[in-house]
Amino acid sequence: RSTNMLSRLSTVARKAAPARFASLAAYEDYGSAVFKGDVADAYLKKHGASAALLEDPTWTEHSSDTVAAAILDWAIDNGADSYCHWFQPMAASGVRHGLTGQVQNKMIEFDRESNKIKFDFKGKNLIRGETDGSSFPNGGLRATHTAGGYLALDTSSPVFLRGDIVHIPSALVSFYGTALDEKTPLLRSNEALNTQGLRLLKCLGYEPKELVANIGLEQEIFLIPRDQYLRRMDLQMTGRTIMGKDAPRGQEMCDHYMAAMSTAQPALEAMQEMQQECWKMGIPLKTRHREVAPGQYEFAPLFGTNTTQVDQNIMVMQVIEEVAAKHGLAALLQEKPFANINGSGKHNNWSIGTTDGVNLLNPDQISKASGNDNAFAVIMSAIISAIDTHGDLMRMSIATPGNDFRLGACEAPPAITSTYLGDDMTTYLEAFKDGKTGAYNPGTKNMQMGTRAIRPIAIPAEDRNRTSPFPYGGARFEYRAVGSAQNTSMVNTVLNTMTAQKFKQFADAIEGGESPEKVAQDALNASWKVIFNGDNYDEANQEMLTKNGLWRIDSAVEANHRMVDPKNVALFAEMGVLEAEECEARENVLHDHYAGTVEMEALCMIDMINQHVLPSCKDAEVGPVSDLESSVSTLKAAVAEIHAAPTPYAAATLARALRLETMVDIREFCDAAEGVVPADMWTLPTYKEMLFLDQTDASYVM
């Protein structure tokens, strides 16, 4: 096993002389594998430049050879001699390892005459690349006879090392500049948010240099024994169990959440190594803990700019999968790998800030920076209006196949788009919309514990509402419904774009002569219905919210279909994020991804029934044999019908019915069979064998 962080700390402690203060020596390699800050500065200075050069994206036009030379030196010094343009194809969630594309090239030139080699990595190699755009999901934007795909370095996300490879974060576009990836629309939406946000702030008396969207991405996972994983075709092929009887124990005792991390099984050491590897790449995985379901865990990083955070989260997922295998574990990233216990999410904590550190969603900071006590209320009004207008796009952005089984199932909010603000802020904004202006001063509560041994503590005046899809708290919005296996680029593209449009509408009206307060008050009055501080799981509340006209789209297929609604096509075009043909192509990709996922699940179910469930039932002479046999024919016919569908939308619609109706019914036969076949005759790993590392792992030795 590789040395983990705890052993490194103890080694440093033994070797170091006694010190009066804690030492950071054990963490000196943090960020050593990312080309930014002091690391970049040291190598760029050898070539007459500094890390400040990287702050202006135009360096690619005049100094690419300088930066490439510095990266080459850094790479060789760290044992790397290859590079790749690291990009993010569409439809990668749940199927593509690492969620990215890359071709690894040596930084070496081979001289055929002398048979000698020399280093070869220039600016042109760094800033651009080319690939076959037709071999990635593209929704019809590329074909074999029009296959060009072009890669361009993303200056907003730093180059980093892993192993012997320099990774160059890149965007992928077609010969005509259409987006073929997840990153390009996000970068365009950042431009829209910056442009329109600066306009609105100027109307409010504040003129910062630049705005950025900041996010923090929590990552939930399951860790199960790898030997059991390798015996489950459904987990290997689709990431979730398509059959499996509940274990006698689940999460009903709330005993797993934040319980002690056991040293008697491999999860803790695996997570320590995951953190250590991420730290080298400058990924600040600060928090680790057990989650609610048995076998479920979570990492959480510090927040950062959205493009960097998305890139880092993608690498975190890859590291998790690869390191888990080294420890005899399989990491499951899919949203709902097991039925009847919590699934996994990736809460997307979103805020908007200036490059000099002012958070627009922090009332004290924005009031002080702008000198305008109403600035916070105006900004919040624009965001609330965006939620009201574009809640359908918010739902689209999290409509992954895995979220089908997760939304509204106690671990994620239902598919009704509302926002929680808490009574304190709701009261403030209600007064504001009714004409009372002034600063928002968030309250605090002095918590008395009833004992002298524990002194009173100050806590926020507002509670936490985990049932809300998009609650505000801690100077940020938390999009709680995001799926654990997702690339969150589209999530943040939607948040940026819809907010940018509202900032533009506000700025247009204010520049046209209306007061900022009047514009914000009108918007609040029109959109007040999306503010809901109650229990979103309560069915009566869900019915009430639906009747009030909030966006409710229960079907992931219908949510993805909203991509081509005229309202949304116009939004993306107006903000310069996606053209109409890009929206249509992306919708087709989403439907193909959904239908393809369901087809794989159905084919796994056929094989598992034929190869495991039926033989076990027949050998034991128990179970619903005839029902199982007829189910195989039903599944085959349904898959054939999907293949014959005339459009991706039609195929996805059929696939959803197969998955959420037919396959759910067939699963009942399979699970009933598991319940009656003797354990020694059942050939598939059970939930009990997969989910309870603390109780079942007997092979682990520290």
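That block above? That's the structure.
Residues numbered from 1 in each chain as written. Predicted model: local features only at pLDDT ≥ 70, side-chain atom pairs only at ≥ 80, totals over all residues. Heavy atoms only, no water.

1. Digging into the packing of helix H13 (residues 422–433) against helix H15 (residues 516–527)
Then step 1. Put simply, H13 and H15 touch, their axes get as near as 9 Å, and they point 115° apart. Between H13 and H15 lies a crossing whose hand is left-handed. Across the interface between the two elements, Leu429, Phe432 and Lys433 from H13 touch Glu517, Ala520, Gln521, Leu524 and Asn525 from H15.
Then step 2. The residue makeup of the contact of H13 with H15, split by class, is four nonpolar, two polar and two charged. (Axes fitted to C-alpha atoms, helices over the stretch in contact; angles between N-to-C directions. Helix = DSSP H or I, 4+ residues; strand = E, 2+ residues; numbered from the N terminus. Left-handed = near helix turned anticlockwise from the far one by under 90°. Contact = heavy atoms within 4.5 Å. Nonpolar A, V, L, I, M, F, W, Y, C, P; charged D, E, K, R; others polar.)

2. Here we look at the side chain of Arg586
Then step 1. Within the secondary structure layout, Arg586 lies in helix H19 (residues 580–620).
Then step 2. No salt bridge is formed by the buried Arg586. Its closest oppositely charged neighbour is Glu182, at 4.1 Å.
Then step 3. Looking at Arg586, its side chain comes within polar contact range of the main-chain oxygen of Asp181, at 3.0 Å. (Buried < 20%, exposed > 50% of the residue type's maximum accessible area, 1.4 Å probe, protein only. Lys, Arg positive; Asp, Glu negative; His and termini not counted. Salt bridge = Lys/Arg side-chain N within 4 Å of Asp/Glu carboxyl O. Polar contact = N/O pair within 3.5 Å; in protein donor to acceptor, adjacent residues only side chain to side chain.)

3. Focus on the environment of Phe87
Then step 1. Among the structural elements, Phe87 can be located in the loop between strand E1 (82–86) and strand E2 (105–106).
Then step 2. The exposure class of Phe87 is buried, given its relative accessible area of 2%.
Then step 3. In sequence terms Phe87 and Pro169 are 82 residues apart; their C-alpha atoms lie 6.1 Å from each other.
Then step 4. Apart from the residues lying within four places of it in its own chain, the contact partners of Phe87 are Leu99, Thr100, Gly101, Gln102, Phe136, Leu151, Ser170 and Leu172.

4. Structural notes on the sheet that holds strand E12 (residues 296–301)
Then step 1. The antiparallel open sheet is built from four strands, whose spatial order is E11-E12-E10-E14. Unpaired on one side and paired on the other, strand E11 (285–290) and strand E14 (329–332) mark the two borders of the sheet. Ignoring which end each strand starts from, the neighbouring axes of this sheet average 30° apart.
Then step 2. Bridge analysis of strand E10 (residues 219–225) against E12 gives four bridges, and the strand direction is antiparallel. Its bridge partner lying in E12, Glu220 is registered against Glu298.
Then step 3. Along the sheet, helix H9 (residues 267–280) contacts E10, E11, E12 and E14; its crossing angle with E11, the most-contacted strand, is approximately 165°.
Then step 4. Together, E10, E11, E12 and E14 form the strand contacts of helix H10 (residues 306–326), whose direction differs from that of E14 by roughly 150°. (Pairing = 2+ DSSP bridges.)

5. Concerning the pairing of E11
Then step 1. Note that E11 and E12 share five bridges and pair antiparallel. Note on E12: the bridge partner recorded for Arg290 is Tyr297.
Then step 2. Between E11 and the antiparallel strand that follows it, E12, lie five residues; Gly295 among them carries a positive phi value of about 80°.

6. Some remarks on the environment of Gly443
Then step 1. Relative to the helices and strands, Gly443 resides in the loop between H13 and strand E16 (444–447).
Then step 2. The partly exposed category is assigned to Gly443, whose relative accessible area is 28%.
Then step 3. Each residue touching Gly443, except ones within four places of it in the same chain, is listed here: Asp424, Pro460 and Ala461.

7. Notes on the packing of aromatic side chains
Then step 1. Using the criterion set out here, one finds 16 aromatic pairs in the structure.
Then step 2. Ring geometry for Tyr83 versus Phe121: centroids 4.9 Å apart, planes at 55°, classification tilted. With Tyr83 in strand E1 and Phe121 in the loop between strand E4 (117–119) and helix H5 (123–127), the pair connects residues that are 38 residues apart, well separated along the chain.
Then step 3. In this structure Tyr83 comes out as buried when scored by relative accessible area, which is 9%.
Then step 4. Phe121 sits in the buried class, given a relative accessible area of 6%.
Then step 5. For the ring pair Tyr472 and Phe477, a centre distance of 5.4 Å and an interplane angle of 70° mean the geometry is edge-to-face. Here the two residues Tyr472 and Phe477 agree in accessibility, since each one is buried.
Then step 6. An aromatic cluster is defined as three or more aromatic residues linked by ring pairs; in this entry it consists of Trp350, Phe376, Tyr428, Tyr440, Phe470, Tyr472, Phe477 and Tyr479.
Then step 7. Its guanidinium or amino end placed over the ring of Trp528, Lys433 lies 5.0 Å from that ring's centre, counting from NZ or CZ. (Phe/Tyr/Trp six-rings, centres within 6.5 Å; stacked < 30°, edge-to-face > 60°. Lys NZ or Arg CZ within 6 Å of the ring centre and 35° of its normal.)

8. A word on the nonpolar core
Then step 1. Counting 137 residues, the largest nonpolar core has Phe35, Leu126, Leu223 and Met274 as its most contacted members.
Then step 2. At 14 residues, the largest contribution of residues to this core is made by helix H12 (residues 375–397).
Then step 3. Beyond its immediate stretch of four places on either side in the chain, Leu223 contacts Ala267, Met271, Met274, Gly295, Tyr297, Ala324, Leu329, Ala330, Ala331 and Leu693.
Then step 4. Formed by 38 residues, the second largest nonpolar core is a distinct cluster that contains Met605, Ile609, Ala645 and Val677. (Core = buried A, V, L, I, M, F, W, Y, C linked by side-chain atoms within 4.5 Å.)

9. Quick word on the sheet that holds strand E13 (residues 304–305)
Then step 1. Read from one edge to the other, the open sheet built from four strands follows the order E13-E9-E15-E18, with strand pairing classed as antiparallel. Each end of this open sheet is capped by a strand with a single partner; those strands are E13 and strand E18 (477–479).
Then step 2. The pairing of strand E9 (residues 211–217) with strand E15 (residues 348–354) spans seven bridges and is classified as antiparallel. Counterpart to Val212 in the pairing with E15 is Gly353.
Then step 3. This element, helix H14 (residues 489–511), spans E9, E15 and E18 of the sheet and lies at about 45° to E15.

10. Comments concerning the packing of helix H2 (residues 37–45) against helix H4 (residues 64–77)
Then step 1. Across the interface, H2 lies against H4 with an axial gap of 9 Å and an inter-helix angle of 110°. Looking at the two axes, H2 sits roughly perpendicular to H4. As for the relative orientation of H2 and H4, their crossing is right-handed in sense. Judged by residue contacts, Val39, Tyr43 and Leu44 of H2 engage Thr66, Val67, Ala70, Asp73, Trp74 and Asp77 from H4. (Parallel < 35°, antiparallel > 145°, perpendicular 65-115°, else oblique.)

11. Points about helix H18 (residues 566–574)
Then step 1. Looking only at H18, the buried set comprises Asn568, Val569, Leu571 and Phe572. Each buried residue of H18 sits inside an arc of 160° when the element is viewed along its axis, so together they form one side.
Then step 2. Elements that come into contact with the buried residues of H18 comprise H12, H14 and H19.
Then step 3. At the exit of H18 stands Gly576, carrying a positive phi of roughly 70°. (Arc of directions from axis to C-beta.)

12. Examining the pattern of salt bridges
Then step 1. Scanning all chains against the criterion turns up 31 salt bridges.
Then step 2. A single network of salt bridges, built from pairs that share partners, joins Arg199, Lys504, Asp508, Glu511 and Glu574.

13. Some thoughts on a nonpolar patch on the surface
Then step 1. A cluster of nonpolar side chains, contributed by Met449, Ile454 and Ile457, occupies part of the molecular surface with about 250 Å² of accessible area.
Then step 2. Position of Ile457 among the secondary structure elements: in strand E17 (residues 457–460). (Patch = residues over 30% accessible without salt bridge, like charges linked within 9 Å, V, L, I, M, F, W, Y side chains within 5 Å. Areas by Shrake-Rupley, 256 points an atom, 1.4 Å probe, with all protein chains shown as cover.)

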